[in-house]
Amino acid sequence: MKKITDKKEYNDFVKNYPNGNALQSWEWGELKEKFGWKTERFGFFENNILIGTVQCLFKKLPFGFKILYIPRGPVINFKNKNDWENFLIEIKKIAKEKKVDLIRIEPEIAEVEIDLNFFKKNNFKKSAISYQPLNTMIVDLKKSEQEIWQKELNQKARYNTRLAERKGVKIIEEGNEKNIKEFYKLWEKTKLRQKISIRSEKYYKELFLIFPKENIHLFLAKYQEKFIAGLIIIFFGKKAIYLYAASDYEFHSLMPTYLVVWKAILKAKEKGCEIFDFWGVAPEGAEKNHPWEGITSFKQKFCNARRINYIGAWDLPMNWKYWIFIWLEKIKNSHKAVKL
């Protein structure tokens, strides 16, 4: 394993690999560097041919802890035991060199695709906290537009999409500074309504500055000169990711969110994507009072509830301080502990 400094070589590999993800893209690392993380990227080579990559995020946390975090990575052949073992050998070396207290990985691996005993045998501990969504739903974009409309969207999604158009809702597709500001206003309204925490406006501005225009898109629904819903999509490789969505509930009856998502699906298909990833939904069989129940009900109307359940976060303790970190993390209750 050796460091990779060629952005194109790195991104070309990640975007074309089966379990590559935008969170392992070069740009995502650059974004995180703007907000307190240090980033290093490494490649695994066989006969001088790149066969795997990993983007490592390092951060010093409160109370003197240091973490090595790998979101949606490593990007390797997870079905090849030797590749996994080589990754473990090398990542432990890096962790010791950087004097981190734990390695946390959240691979792009579905539960049905791997034997989790491999992690347990290699001293990984299943983390109670996942910073990336454990469950998602996807739309198959390899189908024709007509097939997607008739077979992926259910009757209610089709009706509400047409309703928004009939009511005069228009979709604006330009991620300029003014529109990002308008999206953030909607995001703040969503925050108050759903009682969630959101990042600063600067974070979203940096997101659009760092990712190339062809890889990030802002959709805004407009009604009578007022912005009423918005969606940020990242296009990376063959996948479109529904990253952030917001709306003004005062205009809920116009159903703007349905039209926004439909236009995003069409854009993703136009760009040659094969998967539209809704990014986060409630677990299958979740209680009715689950905080994501509402958004899950909305998303499943577009994809026949086609689910992927990921293996979640796994920790590799590097020293005794790990156990104190986990105890404090539980006290601070999930995402309030570390913003990743």
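Predicted model, so just to flag it, every value in this text is computed and none were measured.

What counts as what
- Residues numbered from 1 in each chain as written.
- Predicted model: local features only at pLDDT ≥ 70, side-chain atom pairs only at ≥ 80, totals over all residues.
- Heavy atoms only, no water.
- Helix = DSSP H or I, 4+ residues; strand = E, 2+ residues; numbered from the N terminus.
- Contact = heavy atoms within 4.5 Å.
- Areas by Shrake-Rupley, 256 points an atom, 1.4 Å probe, with all protein chains shown as cover.
- Phe/Tyr/Trp six-rings, centres within 6.5 Å; stacked < 30°, edge-to-face > 60°.
- Buried < 20%, exposed > 50% of the residue type's maximum accessible area, 1.4 Å probe, protein only.
- Pairing = 2+ DSSP bridges.
- Axes fitted to C-alpha atoms, helices over the stretch in contact; angles between N-to-C directions.

Asker: Mind showing me how you'd approach the overall build of the chain here?
Answerer: Secondary structure assignment for the chain yields eleven helices and 14 strands. Taking the contacts inside the chain whose residues are at least 6 apart along the sequence as the reference set, 72% of them involve residues at least 24 apart. In the form shown here, the chain has an accessible surface area of approximately 16,700 Å², with 49% of it arising from carbon and sulfur atoms.

Asker: Even after reading the chapter, I still don't get the packing of aromatic side chains, so can you show me in this structure?
Answerer: Geometrically, a pair of aromatic rings is defined through the distance of the ring centres and the angle of the planes. Within this structure, the stated rule accounts for 28 aromatic pairs. Their ring planes at 80° and their centres at 6.0 Å tell us that Tyr 69 and Tyr 131 sit as a pair that is edge-to-face. Of this pair, Tyr 69 sits in strand 4 (residues 66-71) while Tyr 131 sits in the loop between strand 6 (125-126) and strand 7 (135-140), and the two are 62 residues apart along the sequence. Each member of the pair, Tyr 69 as well as Tyr 131, carries the same accessibility label: buried.

Asker: I would appreciate a short explanation of the sheet that holds strand 9 (residues 216-223) in the present structure.
Answerer: Sheets are built from strands paired through backbone hydrogen bonds, the pairs being either parallel or antiparallel. Overall, mixed pairing links the seven strands, which are arranged 8-9-10-11-12-7-13 in an open sheet. The sheet terminates laterally at strand 8 (170-172) and strand 13 (307-309), the two strands that pair on one side only. Within this sheet the neighbouring strands show an average axis-to-axis angle of 30°, counted without direction.

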